[in-house]
Amino acid sequence: MSLSALNFKPTTNILISALISVVIFVCAVFPGLCFPWLSLDRLEVGGGEWWRVFSSNFVHFGWAHTLMNLAAFQIATFILFNSISSTRFVSLILLCNLSVGLGIYYLNPEYLVYAGFSGSIHGLLVAGLMFNKRHPVWVNSIFIALLFGKIFYEHQPDYQTNDIQNLLPVPVAYDAHLYGAIAGLIFGVFTLLMDKFTRLSKH
């Protein structure tokens, strides 16, 4: 069966997502080289290696961590980001990455080393649902509320990790999910307001 028969139309955003996924995969293949240089090591960042605030999103704690995030990233891109510009897509990823890294560095001193893309993925999901035109606004709003409900539940003292999370060699940094989701919400609100203002100014 050909790609045309499946009505598959690759967009620039999917290609961007694929490129980022390749970077993440390569980092996982060479952890001894990439992880020490790219992870958010608190001491190294304090010594001036500020790129780690951003690059820590692309390295992970083992293959289970890597593959879970790669799958979620590709699914989110394919479902939610077929209709926005590549400039906005890249800007959203940059904002989420920086928000997660800076949030962890300044607000979570208990994390001596941080790595992972799940925080940014939460931001992509929130913003993507806000941009989603395949479903009514109320449907997207319910999914956004459920996502923030999940994050709220993760922060409860009696929260129990599930079997998938137990595959990771380190505790899940749930605060990263919160920072990413907030960044996605801010980006979505700002973008939608800007679009509305642009439409009104043309009339």
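The rules behind each value
- Residues numbered from 1 in each chain as written.
- Predicted model: local features only at pLDDT ≥ 70, side-chain atom pairs only at ≥ 80, totals over all residues.
- Heavy atoms only, no water.
- Phe/Tyr/Trp six-rings, centres within 6.5 Å; stacked < 30°, edge-to-face > 60°.
- Helix = DSSP H or I, 4+ residues; strand = E, 2+ residues; numbered from the N terminus.
- Buried < 20%, exposed > 50% of the residue type's maximum accessible area, 1.4 Å probe, protein only.
- Contact = heavy atoms within 4.5 Å.
- Core = buried A, V, L, I, M, F, W, Y, C linked by side-chain atoms within 4.5 Å.
- Salt bridge = Lys/Arg side-chain N within 4 Å of Asp/Glu carboxyl O.
- Axes fitted to C-alpha atoms, helices over the stretch in contact; angles between N-to-C directions.
- Parallel < 35°, antiparallel > 145°, perpendicular 65-115°, else oblique.
- Left-handed = near helix turned anticlockwise from the far one by under 90°.
- Nonpolar A, V, L, I, M, F, W, Y, C, P; charged D, E, K, R; others polar.
- pLDDT = per-residue confidence, 0-100.

Draft legend 1. Spotlight on the packing of aromatic side chains. One pass over the full model with this rule turns up 10 aromatic pairs. Where Phe-131 meets Phe-187, the ring centres are 6.2 Å apart and the plane angle is 80°; that geometry is what we call edge-to-face. With Phe-131 in helix 7 (residues 118-131) and Phe-187 in helix 9 (residues 174-201), this residue pair connects regions lying 56 residues apart in the sequence. With a relative accessible area of 5%, Phe-131 lands in the buried category.

Draft legend 2. Looking closely at the environment of Tyr-111. Tracing the chain through its elements places Tyr-111 in the loop between helix 6 (86-107) and strand 2 (113-114). Along the primary structure Tyr-111 and Arg-42 are separated by 69 residues, whereas in three dimensions their C-alpha atoms are 7.7 Å apart. With near-sequence residues (within four places) excluded, Tyr-111 lies in contact with Arg-42, Ile-104, Val-172, Ala-173, Tyr-174 and Asp-175.

Draft legend 3. Up close: the nonpolar core. Residues Ile-20, Phe-73, Phe-81, Phe-89, Leu-92 and Leu-124 are the most contacted members of the largest nonpolar core, which totals 27 residues. Of all the secondary structure elements, the ones that give two or more residues to this core are helix 1 (12-29), helix 5 (63-80), helix 6, helix 7, helix 8 (137-154) and helix 9. For this core, the element with the most residues is helix 7, which contributes seven residues. Look past the residues within four positions of Ile-20 in its chain and what remains in contact with it is Phe-58, Phe-73 and Ile-93.

Draft legend 4. Summary view of the side chain of Asn-140. Among the secondary structure elements, Asn-140 is positioned in helix 8. By relative accessible area, which is 4% here, Asn-140 ends up buried. With near-sequence residues (within four places) excluded, Asn-140 lies in contact with Leu-129, Asn-132 and His-135.

Draft legend 5. Structural detail: the pattern of salt bridges. By the definition in use, this model includes three salt bridges. Between Glu-49 and Arg-52 there is a salt bridge, with its nearest N and O atoms 2.6 Å apart. Take Arg-52: its relative accessible area is 2%, and that puts it in the buried class. Residues Glu-154 and Lys-150 are paired through a salt bridge, measuring 2.5 Å at the closest nitrogen-oxygen approach. Here Glu-154 pairs with Lys-150, and both are found in helix 8, just four residues apart, close to one helical turn. Accessibility expressed as a relative area gives 5% for Glu-154, which makes it buried.

Draft legend 6. Highlighting the packing of helix 5 against helix 7. Between helix 5 and helix 7, the least distance of the axes is 10 Å, while the angle of their chain directions is 15°. Overall, the two elements helix 5 and helix 7 adopt an arrangement that is roughly parallel. Where helix 5 crosses over helix 7, the two elements pack in a sense that is left-handed. Note on element contacts: helix 7 touches helix 5 through Ser-118, Ile-121, Leu-124, Leu-125, Gly-128 and Leu-129, opposite Asn-69, Ala-72, Phe-73, Ala-76 and Leu-80.

Draft legend 7. The arrangement of the packing of helix 7 against helix 9 in detail. Axis separation between helix 7 and helix 9 bottoms out at 7 Å; the angle between their running directions is 30°. With respect to helix 9, the axis of helix 7 lies roughly parallel. With respect to the hand of their crossing, helix 7 and helix 9 are arranged in right-handed fashion. Residue-level inspection shows Ser-118, Gly-119, His-122, Gly-123, Val-126, Ala-127, Met-130 and Phe-131 of helix 7 in contact with helix 9, the latter providing Ala-176, His-177, Gly-180, Ala-181, Gly-184, Leu-185, Phe-187, Gly-188, Val-189, Thr-191 and Leu-192. Its residues assigned to classes, the contact of helix 7 with helix 9 comprises 10 nonpolar, nine polar and no charged.

Draft legend 8. The environment of Val-139, seen in detail. Here Val-139 is to be found in helix 8. Given a relative accessible area of 15%, Val-139 falls into the buried group. As for Val-139 and Leu-129, which are separated by 10 residues in sequence, their C-alpha atoms are 9.1 Å apart.

Draft legend 9. View of the confidence of the model for the protein. Confidence in the prediction of the protein, expressed as mean pLDDT, is 90, and 91% of residues score 70 or more. Per-residue pLDDT stays below 50 along residues 1-9; that stretch engages in three contacts with residues further than four places along the chain or on separate chains.

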